[in-house]
Amino acid sequence: MAGIDSILNIVVQQGADELRLGTDRAPKMLALGVPKRLSIPATSEEMLRHLLGPLLSDERERSLRLGERVEFSYEPAGLGAFAVVLSAREGAPAFAIDAVFARNVRPPPAATPPAPPARGRAPSGAGLPDEAPAARPLAPPADAAAPRPPAAAPPFVEAAAPAAPEAAPEAGPLLEQLLDRAVALGASDLHLLSGEAPVLRVNGRLLALTDEPPADAERVLAGCLTPSVRRRLAEGRSADLALVLPGGARFRLNVYRAAGGLAAAARVLYRQAPELSELKLPAPLDELVDLPHGLVVVCGATGSGKSTTLAALAREALRRRGPLLISLEDPIEYELRAEGGRGLVRQRQIGREVRDFATGLRDALREDPDVLLIGEMRDPETISLALTAAETGHLVLTSLHSRSAASAVERIVDAYPAERQQQVRAQLADALRAVVAQRLLPDARGAGRLPALEVLRGTHNVANIIREGRTAQLATAMQSGGREGMQTLERCLADLVRAQRVSLAAARAAANDPEALTAYARG
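Here is a short report on the structure shown in this document. (Residues numbered from 1 in each chain as written. Predicted model: local features only at pLDDT ≥ 70, side-chain atom pairs only at ≥ 80, totals over all residues. Heavy atoms only, no water.)

Here we look at the packing of helix 11 (residues 418-431) against helix 12 (residues 460-467)
The line we're drawing: Fitted lines through C-alpha atoms give the axes, limited to the stretch in contact for helices. The angle between two N-to-C directions lies from 0 to 180 degrees. The secondary structure listing takes helices from DSSP runs of H or I that are at least 4 residues long and strands from runs of E that are at least 2 residues long, numbered from the N terminus. Orientation is classified from the angle alone, with under 35 degrees giving roughly parallel, over 145 giving roughly antiparallel, 65 to 115 giving roughly perpendicular, and any other angle giving oblique. Contacts between residues were defined by any pair of non-hydrogen atoms, one from each residue, lying within 4.5 Å. Basically, the charged four are Asp, Glu, Lys and Arg, the nonpolar ten are Ala, Val, Leu, Ile, Met, Phe, Trp, Tyr, Cys and Pro, and anything else, Gly included, counts as polar.
Between helix 11 and helix 12, the shortest axis-to-axis distance is 8 Å and the interhelical angle comes to 170°. As the angle between them shows, helix 11 and helix 12 are arranged roughly antiparallel. Contact residues: Gln422, Arg425, Ala426, Leu428, Ala429 and Asp430 in helix 11; Ala463, Ile466 and Arg467 in helix 12. For the contact of helix 11 with helix 12, the residue count by class is 5 nonpolar, 1 polar and 3 charged.

Rendered as structure tokens:
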């Protein structure tokens, strides 16, 4: 018997036909779409799980966490059958469940013989005999005496009838032609806006394709504008999509609305992760993958090469250690493969194989990984789980949007309310092994772009600085920590200027402290 039975008994006694529950929401009882009084406070997650009991089986919860809606029939003793719909609430800060229990209170008319029941066993935990009617939508069956007026569903209840699977987004011929050209010119990104010529980003600089006609984004993106994408755009949100062309080229596409109309940004993704040696990094990072556990953060602005460096570190870890590596990415940017028959790789894409980063991380902690690759730490829950994984024997490789190593530390701490920040500082001090802040600068010789790095290592001194909240002293620790593999961004930039690999103007534009850069360059 599930805890929900006591509430369903009230529904039956009051002649209602629908009960709606949701995490942190007060239950609602309706009769023919009209709310009836039900004085029950908002149900917490713990209370809702208690009410659902065996109805929320592990299999059904896994489906909910993947964004799927779960429908089944439930027949509590003496109360008749209920059609049940469970769904995960989109946009909630944490995992939240909504549930609808619907019953048909009108018997079929005598003149119309009832339809034969659908054969087949109900889902596990449904509590119905083998020949119980299959799960049905919330609308009454076709043989009901009179159609019930549609109830005004609250925002957290999805459409009653299960929607047909939506066609996957695809690049139409116009978009495919532009993406092929982006790859051919070595671009990292393609930008579209209705009424303007397409623009590529090549070696960090924008290049307008003036030989192309002004874009009609609706036509160019037609194959990508699925109903769910249009719905997100109508709600004032953007939509992230993963595209694969027939030749195998891969892209991350973000579609959004701007003042000029429909717009999109497409990032070119490369199939094979590069080797660390191919990146020509100005500081050795390969020893980071030998760490048995801890947190390694690669930070920088958008387009600074964070994902490429992370993928190269993951590939090096697979080559050296042969671990079980689990990645959580949005989307998967590089394919990772175990080399030489050593190791295992499990790559999961957010929104496709797993609902979100936090869910994937919780899952991963039960999946025996040695190395975790987290595409980005976006929210406090993800950060907390990443720190926990790093503390409990896993090597965690992840990225963060911040300009410097010190600001990365502060951003992690500032993600939490003031009363929790000291605890997080202590956790971070114990778990952090390295922060790599990265920039990409134009090569003075015209050969693409070069990386410049700032490296902070999790030494005993650095751990004390983080624990005590003296973040301003991290720059001094990096200046004096050369023997431990640390360096400031300005020292790295000055070395590139002296080697005539980048111009002084480009270096000053990238520096956190231009005066320190000038002093290093003179020395």
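Some thoughts on the sheet that holds strand 7 (residues 189-193)
Keep this limit in mind: Any two strands are treated as partners once DSSP identifies two or more bridges connecting them.
Strand order in the open sheet formed by 6 strands is 9-8-7-12-11-10, with antiparallel pairing between adjacent strands. Each having just a single partner strand, strand 9 (205-208) and strand 10 (239-244) make up the two edges of the open sheet. For this sheet, the mean inter-axis angle between neighbouring strands, taken without regard to orientation, is 25°. Pairing geometry for strand 8 (residues 199-202) and strand 9, over 4 bridges, is antiparallel. Paired with leucine 200 across the two strands is leucine 207, which belongs to strand 9. Relative to the sheet, helix 4 (residues 173-184) contacts strand 7, strand 8, strand 10, strand 11 (250-258) and strand 12 (261-269), its axis offset from that of strand 7 by approximately 145°.

Considering the pattern of salt bridges
How we decide: A side-chain nitrogen of Lys or Arg and a carboxyl oxygen of Asp or Glu constitute a salt bridge if their distance falls within 4 Å. Partly exposed describes any residue whose relative accessible area lies between the buried limit of under 20% and the exposed limit of over 50%, with all areas from a 1.4 Å probe on protein chains only and scaled to the type maximum.
The full count for this structure, using the stated rule, is 32 salt bridges. Across the pair arginine 49 and glutamate 61 runs a salt bridge whose closest N-O atoms are separated by 2.8 Å. With a gap of 12 residues between them, arginine 49 in helix 2 (residues 45-52) and glutamate 61 in helix 3 (residues 58-65) connect regions that are remote in the sequence. Exposure remark for arginine 49: the relative accessible area of 25% places this residue in the partly exposed category.

Re unusual backbone geometry
Geometrically, the link from aspartate 330 to proline 331 is a cis peptide bond, its omega value of -5° lying close to zero. Assignment of secondary structure puts proline 331 in the loop between strand 14 (324-329) and strand 15 (344-349). Backbone geometry at lysine 280 places phi at a positive 55°, although glycine is not the residue there. Turning to its location among the elements, lysine 280 is positioned in the loop between strand 12 and strand 13 (294-299). In this structure, aspartate 368 is a non-glycine residue whose phi angle is positive, near 60°. Counting through the fold element by element, aspartate 368 comes out in the loop between helix 8 (357-364) and strand 16 (371-374).

Description of the packing of aromatic side chains
Here is the rule we go by: Ring pairs are drawn from Phe, Tyr and Trp, using the six-membered ring of Trp, whenever the two centres fall within 6.5 Å, and their geometry is named by plane angle: stacked under 30 degrees, edge-to-face over 60, tilted for the rest. Whether a charge sits over a ring comes down to the Lys NZ or Arg CZ being within 6 Å of the ring centre and within 35 degrees of the ring normal.
As enumerated under the stated definition, the model contains 0 aromatic pairs in all. Of note, arginine 60 hangs over the ring of phenylalanine 72, and the distance from its end group to the ring centre comes to 3.7 Å. One Lys or Arg, arginine 65, reaches over the ring of phenylalanine 95 and ends 3.9 Å from the middle of that ring.

A look at the sheet that holds strand 3 (residues 34-36)
With antiparallel pairing, 6 strands are arranged side by side in an open sheet as 3-2-1-6-5-4. Where the open sheet ends on each side, the last strands, each with one partner, are strand 3 and strand 4 (70-74). Averaged over all pairs of adjacent strands, the angle between their axes in this sheet comes to 25°, without regard to strand direction. Where strand 1 (residues 18-22) meets strand 2 (residues 25-31), 4 bridges bridge the pair, whose relative direction is antiparallel. By the bridge assignment for strand 2, glutamate 18 is matched with leucine 30. This element, helix 2, spans strand 1, strand 5 (82-88) and strand 6 (97-102) of the sheet and lies at about 35° to strand 6. The strands touched by helix 3 are strand 4, strand 5 and strand 6; relative to strand 4, the strand with the most contacts, the crossing angle is about 150°.

What about the environment of glutamine 487?
The test is simple: Counting of polar contacts relies on pairs of N or O atoms within 3.5 Å, with two restrictions inside protein: one atom must be capable of donating a hydrogen and the other of accepting it, and residues adjacent in sequence are counted only when both atoms are side-chain atoms.
Tracing the sequence through the fold places glutamine 487 in the loop between helix 13 (474-479) and helix 14 (489-498). In sequence terms glutamine 487 and arginine 457 are 30 residues apart; their C-alpha atoms lie 9.3 Å from each other. Excluding its chain neighbours within four sequence positions, the residues that come into contact with glutamine 487 are Pro282, Ala283, Leu453, Glu454, Val455, Met478 and Cys492. A polar atom in the side chain of glutamine 487 sits 2.9 Å from the backbone oxygen of leucine 453.

Some thoughts on the pairing of strand 1
Where burial is concerned, most of strand 1 is hidden: 5 out of the 5 residues are buried. Of the two faces of strand 1, both are covered, the one formed by Glu18, Arg20 and Gly22 as well as the one formed by Leu19 and Leu21. Relative to strand 6, strand 1 runs antiparallel, the two sharing 5 bridges. Its bridge partner being in strand 6, arginine 20 is matched across the sheet by valine 100. Between strand 1 and strand 2, which follow one another and run antiparallel, lie 2 residues, and aspartate 24 among them has a positive phi close to 65°.

A word on the environment of isoleucine 97
Along the polypeptide, isoleucine 97 turns up in strand 6. Taking the relative accessible area as the measure of exposure, isoleucine 97 reaches 3% and is therefore buried. For the pair isoleucine 97 and leucine 64, spaced 33 residues apart in sequence, the C-alpha to C-alpha distance is 8.1 Å. Discounting chain neighbours no more than four positions away, the residues touching isoleucine 97 are Leu21, Gly22, Thr23, Leu48, Leu56, Leu64, Ser87 and Arg89.

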